[in-house]
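# Secondary and tertiary structure notes
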Amino acid sequence: MQRFEQSMYELIEETSTVLPGDVRRAIRRAKAMEDEGTRSAFALSTIAENIEMADCNISPICQDTGMPTFFVHCPVGANQIEMRKAILKAIERATKDGKLRPNSVDSLTGKNSGNNLGPGTPVIHFEQWERDDIEVRLILKGGGCENKNIQYSLPTQLEGLGKADRDLDGVRKCILHAVYQAQGQGCSAGFIGVGIGGDRTTGYELAKQQLLRPVDDVNPNEELRRLEEYILEAANRLGIGTMGFGGEATLLGCKIGVMNRLPASFFVSVAYNCWAFRRQGVVLDAGTGEIRSWVYPRGRETEEELKREEAAQPAALAREAAAQVGAGKAREVVLTAPVTEEQVRSLRVGDVVIINGPIFTGRDALHKYFMDHDSPVDLNGAVLYHCGPVMLKDSNGEWHVKAAGPTTSIREEPYQGEIMKKFGIRVVIGKGGMGPKTLQALKEHGGVYLNAIGGAAQYYAKTIKKVHGVYFLEEFGVPEAMWHLEAEGFAAIVTMDSHGNSLHKDVELDSREKLEQFKDPVFA
Ligand code: SF4
């Protein structure tokens, strides 16, 4: 088993940096669904470019490398204690090498362990089987989409859909509602795993396990197969689209599993996964720990297949090409901090903004801190980026950005408006949009919210030309620290402006209306 630790390292690296072929094909299908020149088409093009960059650079597809969750199947007699130790070592090394972001935080003190190890991190499930090899699957699911997981207890009343009973039709309503409530905040277009039954814990486990199924497989249970197909079709009529920008592609996959339940309980648990659907697995020689094969056809190995698929869809390709051109039709505005109120007030929802010059990152810890402390730097006219980057220090002590996509902004809703006014911040960049409090503050103060493409961590990392410095690194850890960066050509879309307009509000209202068309029973 001397090779086991190295094999685990390779599994982590592959999972974090290369999307498997089935996921890539699903994203490609989504691109073909969107009309040219739309925001969703633009977002999907950025996503596609980001996937290629991560693959080429062997760097994280998204900066949020999530909670590493392992599913290990091993023969009777395999030493699980040694395997666990090797997995922990591989995790630590992958974190040090910038393949994983340090993501394990003490829940009481807020301190980041720095190496992705700690109580409950990583998650490792062991199970024995009667085969003589070992299979290890790994899923890296980030916080943005993990926060959109949802569990229903039937019967229940659902917004837009009415009563969901304890039957398959009630399940259908819950799943559609789950997609609706996620909007773009879990970095749609997404994949969902659903667990019907179990208790509150096993229901969620079953839901997450469904995400391990290949995107293109067919459910052997006929009723569930029909439901999966129905959900995929219906969810894509909600109009939420990629990143919640509105559009045709909202859901890329739906996998449903079922288990028994207590007579008194009927849970429907939904695990929502973003487009950056990072899961991979290896089959290992139980004697040596060497990798024999990969569970999901690797992205690199399927390039030929993808090219053939492309060639077979000339209409889709033509639309994609037109979309790239069309995306350039939006008004483009270049901003460099310090940004003035006048510049901000000239912006409208739909404008594409190119940021050059200094930007500061800030997430949950910084926002909370700023409520009753001063800033160490002048933020008048500043650009604040909701981002927890992956950073690496070289041997000369200089920091480099390895991955830097936006994080979910809505978490900062209680603080954002106040902080913008207090420090004079004019531009906030994030993903998923913000709520009415921030919208009101943008109007009063003269501010703008830009939506960057969630998960496009390599794409945005490339726009960061220099790291000027860092504040609160010791106190908050790498992802939560305030990084002072120099950007060049950082593109994002205005989705909330200083005139009271919010694309997020509009898409939510529109999808709420569309949800009502699915009120009547289908699987009665
Ligand atoms: S793509 Fe979005 S939801 Fe997924 S891990 Fe990255 S930031 Fe989180």
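Residues numbered from 1 in each chain as written. Predicted model: local features only at pLDDT ≥ 70, side-chain atom pairs only at ≥ 80, totals over all residues. Heavy atoms only, no water.

Attention shifts here to the sheet that holds strand β2 (residues 123-129). Strand order in the open sheet made by the five strands is β2-β1-β3-β10-β11, with mixed pairing throughout. On the outer flanks of this sheet lie β2 and β11 (291-294), each paired with one strand and no other. For this sheet, the mean inter-axis angle between neighbouring strands, taken without regard to orientation, is 20°. Pairing geometry for strand β10 (residues 278-284) and β11, over three bridges, is antiparallel. Its bridge partner lying in β11, Leu284 is registered against Ile291. (Pairing = 2+ DSSP bridges. Helix = DSSP H or I, 4+ residues; strand = E, 2+ residues; numbered from the N terminus. Axes fitted to C-alpha atoms, helices over the stretch in contact; angles between N-to-C directions.)

This paragraph deals with the site of the ligand. The environment of the ligand is formed by 13 residues, the closest being Cys62, Cys187, Cys274, Arg278 and Gly455. For the shell around the ligand, the residue count by class is six nonpolar, four polar and three charged. (Near = heavy atom within 4 Å. Nonpolar A, V, L, I, M, F, W, Y, C, P; charged D, E, K, R; others polar.)

For the rest of this paragraph, the subject is the environment of Gly162. Locating Gly162 in the fold gives a position in strand β6 (residues 162-164). Expressed as a C-alpha distance, the spacing of Gly162 and Asp520, which sit 358 residues apart in the sequence, is 9.0 Å. Excluding its chain neighbours within four sequence positions, the residues that come into contact with Gly162 are Thr156, Gln157, Lys173 and Lys519. (Contact = heavy atoms within 4.5 Å.)

Low pLDDT means the predicted coordinates in that region are not meant to be read closely. Taken over all residues, the pLDDT of the protein has a mean of 94, while the share at 70 or more is 94%. Note on residues 311-327: pLDDT under 50 across the span, and 18 contacts to partners over four residues away in sequence or across chains. (pLDDT = per-residue confidence, 0-100.)

Let's shift gears to the sheet that holds strand β8 (residues 251-258). The strand order β4-β9-β7-β8 describes an open sheet built from four strands, whose pairing is mixed. Each edge of the open sheet is held by one strand with a lone partner, namely β4 (150-153) and β8. For this sheet the average axis-to-axis angle between neighbouring strands, irrespective of direction, equals 15°. Sheet analysis places strand β7 (residues 190-196) next to strand β9 (residues 267-273), joined by six bridges and oriented antiparallel. The partner of Gly193 across the bridge, within β9, is Ala271.

Of the residues making up helix α12 (residues 364-371), those classed as buried are Leu366, His367 and Phe370. Looking straight down α12, one finds its buried side chains confined to an arc of 100°; they lie on one side. For α12, the elements touching its buried residues are β13 (352-361), β14 (383-385), α13 (416-423), α16 (473-476) and β20 (482-496). (Buried < 20%, exposed > 50% of the residue type's maximum accessible area, 1.4 Å probe, protein only. Arc of directions from axis to C-beta.)

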